[in-house]
Amino acid sequence: MDDIVKQALAKWPNVPHCFGWLGLDARGQWYMRDDPTQAAGPFPQSKGSLLRHDKLIDFIQRNYEPDAQGQWFFQNGPQRVYVELEAAPLVWRVMDDFSLQAHTGLAGALQRVLLDAEGRLYVAAPAGLGIVHSQDMGLAADALEQGAWPAPEEVPAAELPTRFGFVRSPAAARDLASR
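By convention here, each chain's residues receive numbers from 1 onward along its written sequence. Note on the predicted model: pLDDT of at least 70 is required for a residue's local features to be given, and 80 or more for side-chain atom pairs to be given and counted; whole-chain, interface and lining totals, by contrast, use all residues. Side-chain numbers come from the whole structure's heavy atoms, not from hydrogens or water.

Draft legend 1. Main features of the side chain of N63. Along the chain, the position of N63 falls in the loop between helix 3 (54-62) and strand 4 (64-66). Whenever a nitrogen or oxygen atom comes within 3.5 Å of another N or O atom, the pair is scored as a polar contact, on the condition that within protein one atom can donate a hydrogen and the other can accept it, and that pairs from neighbouring residues in sequence are kept only if both atoms are in side chains. Reaching out from N63, the side chain makes a polar contact with the backbone oxygen of F59 at a distance of 2.8 Å. To qualify as a helix, a DSSP run of H or I must reach at least 4 residues; to qualify as a strand, a run of E must reach at least 2; elements of each kind are numbered from the N terminus.

Have a look at this one:
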């Protein structure tokens with residue numbers, strides 16, 4: 001976490017959390033979701049505006065982590081901005097040597113490979129569960145064929161949040177808890 005963020009947290013410890021305003025798609029792209037976007041439907045059906053400002057994206061990614069309930073958030077100064085996830089908290093890029101790098105720039109140590117019924121490939125790593133970026137499926141297939149990665153376990157996509165301890169929609173979880 002950035003030092004400036006830590007300082008803001010110390011100065012303003014009781015800023016309310018923000019839900020529904022930020023989304024992460026299955027390709028590692030961030031989306032800002034204003035009130036009309038949120039009213040139009042849940043993420044990713046209603047995505048919002050694609051963030052394109054590199055410094056803002058870098059700031060989000062440096063300050064992106066999960067809370068104790070598995071809800072991923074971006075610490076924006078004193079405010080937690082909870083993230084709506086299309087697939088998983090991380091999006092893994094596969095390098096030419098079959099190593100992994102998250103959309104945040106973090107290197108990944110492969111623990112398990114999972115495959116859902118729709119053919120989406122996931123990797124579990126100490127940093128968290130992530131979907132393999134669609135552009136890297138050829139490299140992932142090579143890693144599997146060459147035995148560099150273990151054979152994928154088949155898993156229903158709906159079971160991934162429970163099995164790997166993350167929440168796809170913190171906004172929906174909050175709304176459900178308030179009923």
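Here the narrative resumes, following the displayed structure.
Draft legend 2. Structural view of unusual backbone geometry. Of the consecutive residues F43 and P44, the connecting peptide bond is found in the cis state with omega at 10°. Of note, P44 is situated in the loop between helix 2 (35-40) and strand 3 (49-50).

Draft legend 3. Representation of the pairing of strand 5 (residues 72-76) within the structure. Among the five residues of strand 5, four are classified as buried, and the element is accordingly described as predominantly covered. Taking the residues between adjacent antiparallel strands as the criterion, strand 4 and strand 5 are bridged by five residues, where G70 takes a positive phi near 85°. Any two strands with at least two DSSP-identified bridges between them are counted as paired. As defined by bridge partners, strand 5 adjoins strand 6 (residues 79-85) across four bridges and the pair is classed as antiparallel. If you follow N76 over to strand 6, its bridge partner there is Q79. Hairpin remark: strand 5 followed by strand 6, antiparallel, with two residues in the connecting loop; positive phi at G77, about 65°. Residue exposure (1.4 Å probe, protein chains only): buried if accessible area is under 20% of the type maximum, exposed if over 50%, otherwise partly exposed.

Draft legend 4. Expanded view of the nonpolar core. L22, W30, Y64, Y122, L129 and W149 are the most contacted members of the largest nonpolar core, which totals 41 residues. In terms of residue count, strand 11 (residues 121-125) provides more of this core than any other element does, five residues in total. Contact criterion: two residues are considered in contact whenever any of their non-hydrogen atoms come within 4.5 Å of each other. Residue contacts for W149: discarding those within four places in its chain leaves V94, F98, L100, L110, V113, L121, V123, A140, A143 and L144. In plain words, nonpolar cores are sets of buried Ala, Val, Leu, Ile, Met, Phe, Trp, Tyr and Cys residues tied together by side-chain atoms within 4.5 Å.

Draft legend 5. Representation of the side chain of Q71. By the secondary structure assignment, Q71 is in the loop between strand 4 and strand 5. Taking the relative accessible area as the measure of exposure, Q71 reaches 12% and is therefore buried. With sequence-adjacent residues up to four places away left out, Q71 is seen in contact with F19, E65, P66, Y82, V167, P170 and A173.

Draft legend 6. Structural view of the environment of W72. Take W72: it is sitting in strand 5. It is 20 Å that separates the C-alpha atoms of W72 and A109, two residues lying 37 residues apart in sequence. Not counting residues within four places of it along the chain, the set of residues in contact with W72 comprises Y64, E65, P66, Y82, V83, P89, L90, A127, F166 and P170.

Draft legend 7. Spotlight on the pattern of salt bridges. The working definition used for a salt bridge is a side-chain nitrogen of Lys or Arg within 4 Å of a carboxyl oxygen of Asp or Glu. Applying the stated criterion across every chain, the model contains eight salt bridges. Taking the shortest distance from any N to any O, the salt bridge between E153 and R112 comes out at 2.8 Å. Residue E153 is located in strand 13 (residues 153-154), and its partner R112 is located in strand 10 (residues 112-115); the two are separated by 41 residues in the primary sequence. Residue classification places E153 among the partly exposed positions, given a relative accessible area of 29%. Relative accessible area serves as the criterion here: at 29%, R112 is assigned to the partly exposed category. When the shortest N-O distance is used, the salt bridge between E159 and R163 registers 3.9 Å.

Honestly, that's just the spatial picture; any functional story needs more than this.
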